[in-house]
Amino acid sequence: MSIAENIQQVRETIAAACVRAGRDPASVTLIAVSKTRPVEMILAAVAAGVQHFGENRVEEAESKIPQVNVAATWHMIGHIQSRKAKDVLPLFNVVHSVDRFKLAEKLARAVVERGGRLDVLIEINISGEESKGGLPAFGWQTDPAVRAAVWDEIRQISALPGLKVRGLMTMAPIVPTMEAARPVFVGLRELRDHLSASLGVSLPELSMGMTDDYPVAVEEGATMVRIGRAIFGER
Ligand SMILES: *Cc1c(COP(=O)(O)O)cnc(C)c1O
């Protein structure tokens with residue numbers, strides 16, 4: 001199948017999940033995750049109507065994004081070392097992987113120097129898997145210490161100048177069936193609802209769902225899905 005056919009199929013799958021959940025398909029943004037893919041493949045996705053791309057490494061993005069050279073929205077979805085924070089700004093429109101205050105502070109300082117504003121999501125580790133990045137939030141529903149730590153961190157990040165916290169991002173663990181990932185997506189949505197209500201901030205975006213689990217993520221409220229292999233093939 002061609003990249004265009006794959007994109008068509010992904011869009012149809014998103015639309016079907018929206019029908020099941022009573023959602024408007026226009027409320028879900030498809031982000032094509034183009035990490036490791038050559039510029040030609042990205043341009044094929046652009047030609048098929050994709051406007052949002054995700055990359056996970058600053059160095060790779062520095063060489064690829066200028067070459068792509070078309071109007072697109074670039075999403076940083078990978079771990080960012082604090083010393084690289086300033087390099088993110090000229091490349092990306094949205095950062096999904098803000099997972100600690102120290103990084104947020106570095107990004108905020110760079111935004112203020114440069115002028116303007118940066119849309120960010122807070123990456124959350126919902127499942128408690130040690131190998132996963134994200135602000136640790138496993139047990140927030142029942143453990144007051146975890147809850148206090150999560151609330152404090154997000155309150156501090158939200159107060160930084162130059163950053164607009166738009167919502168939350170998570171990665172589900174690798175599980176045998178996509179149904180097994182559902183509790184993680186429900187957990188992220190519930191955390192968003194509680195944070196939003198108690199901090200009095202609007203957090204409209206939920207970035208969740210990848211090739212193996214995005215239909216379930218959309219059923220549970222994803223507003224951004226990050227899809228690599230279903231569009232570009234196996235890495
Ligand atoms: C690679 C990656 C994706 C896309 O994964 P696929 O399984 O190829 O769809 C999504 N999100 C993040 C953070 C990634 O690193």
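Higher on the page you've got the structure.
The rules we used
- Residues numbered from 1 in each chain as written.
- Predicted model: local features only at pLDDT ≥ 70, side-chain atom pairs only at ≥ 80, totals over all residues.
- Heavy atoms only, no water.
- Helix = DSSP H or I, 4+ residues; strand = E, 2+ residues; numbered from the N terminus.
- Rg over C-alpha atoms; globule rule 2.2 N^0.38 Å.
- Buried < 20%, exposed > 50% of the residue type's maximum accessible area, 1.4 Å probe, protein only.
- Contact = heavy atoms within 4.5 Å.
- Areas by Shrake-Rupley, 256 points an atom, 1.4 Å probe, with all protein chains shown as cover.
- Near = heavy atom within 4 Å.
- 1 Å grid on protein atoms, 1.4 Å probe; cavity = no way out; pocket = protein on both sides within 12 Å on 5 of 7 lines; lining within 4 Å.
- Sits in = over half its atoms within 2 Å of the grid points.
- Nonpolar A, V, L, I, M, F, W, Y, C, P; charged D, E, K, R; others polar.
- Salt bridge = Lys/Arg side-chain N within 4 Å of Asp/Glu carboxyl O.
- Polar contact = N/O pair within 3.5 Å; in protein donor to acceptor, adjacent residues only side chain to side chain.
- Pairing = 2+ DSSP bridges.

(A) Summary view of the overall build of the protein. Helix and strand content of the protein: 9 helices and 9 strands. Over its C-alpha atoms the protein spans a radius of gyration of 17 Å, differing by no more than 12% from the 18 Å that the globule rule assigns to 235 residues. Across its three principal axes, the protein shows a C-alpha extent of roughly 50 × 45 × 30 Å. For the protein, the proportion of its 235 residues judged to be buried stands at 50%. Once local pairs closer than 6 in sequence are excluded, the contacts in the protein between residues at least 24 apart make up 56%. Total accessible area on the protein stands at roughly 10700 Å², and carbon and sulfur atoms take up 52% of it.

(B) Representation of the site of the ligand within the structure. The full set of residues close to the ligand is V33, K35, I77, M171, M210, T211, R226, I227, G228, R229 and R235. Protein contact buries 94% of the 390 Å² of open area that the ligand shows by itself. Structurally, the ligand is housed in the largest pocket. Its residues assigned to classes, the shell around the ligand shows 5 nonpolar, 2 polar and 4 charged.

(C) Region of interest: the pattern of salt bridges. Tallying each qualifying case throughout the model produces 18 salt bridges. In this structure, E205 engages R166 in a salt bridge whose closest nitrogen and oxygen atoms are separated by 3.4 Å. Placement of the pair is E205 in strand β8 (residues 205-207) and R166 in strand β7 (residues 163-169), with a sequence separation of 39 residues. In this structure E205 comes out as buried when scored by relative accessible area, which is 15%. With a closest N to O distance of 2.7 Å, R182 and E220 form a salt bridge.

(D) Structural detail: the environment of D212. Note on placement: D212 falls in the loop between β8 and α8 (214-219). Each residue touching D212, except ones within four places of it in the same chain, is listed here: M178 and R229. Within polar-contact distance, the side chain of D212 engages the side chain of R229 at 3.0 Å.

(E) Broad picture of the pairing of strand β1 (residues 29-33). Most of β1 is tucked away: 4 of the 5 residues are buried. Pairing analysis gives 4 bridges linking β1 to strand β9 (residues 224-227), with the strands arranged parallel. The residue of β9 that forms the bridge with A32 is I227. Taken together, the 2 bridges between β1 and strand β2 (residues 52-55) define a ladder with parallel strand orientation. What sits directly across from A32, in β2, is F53.

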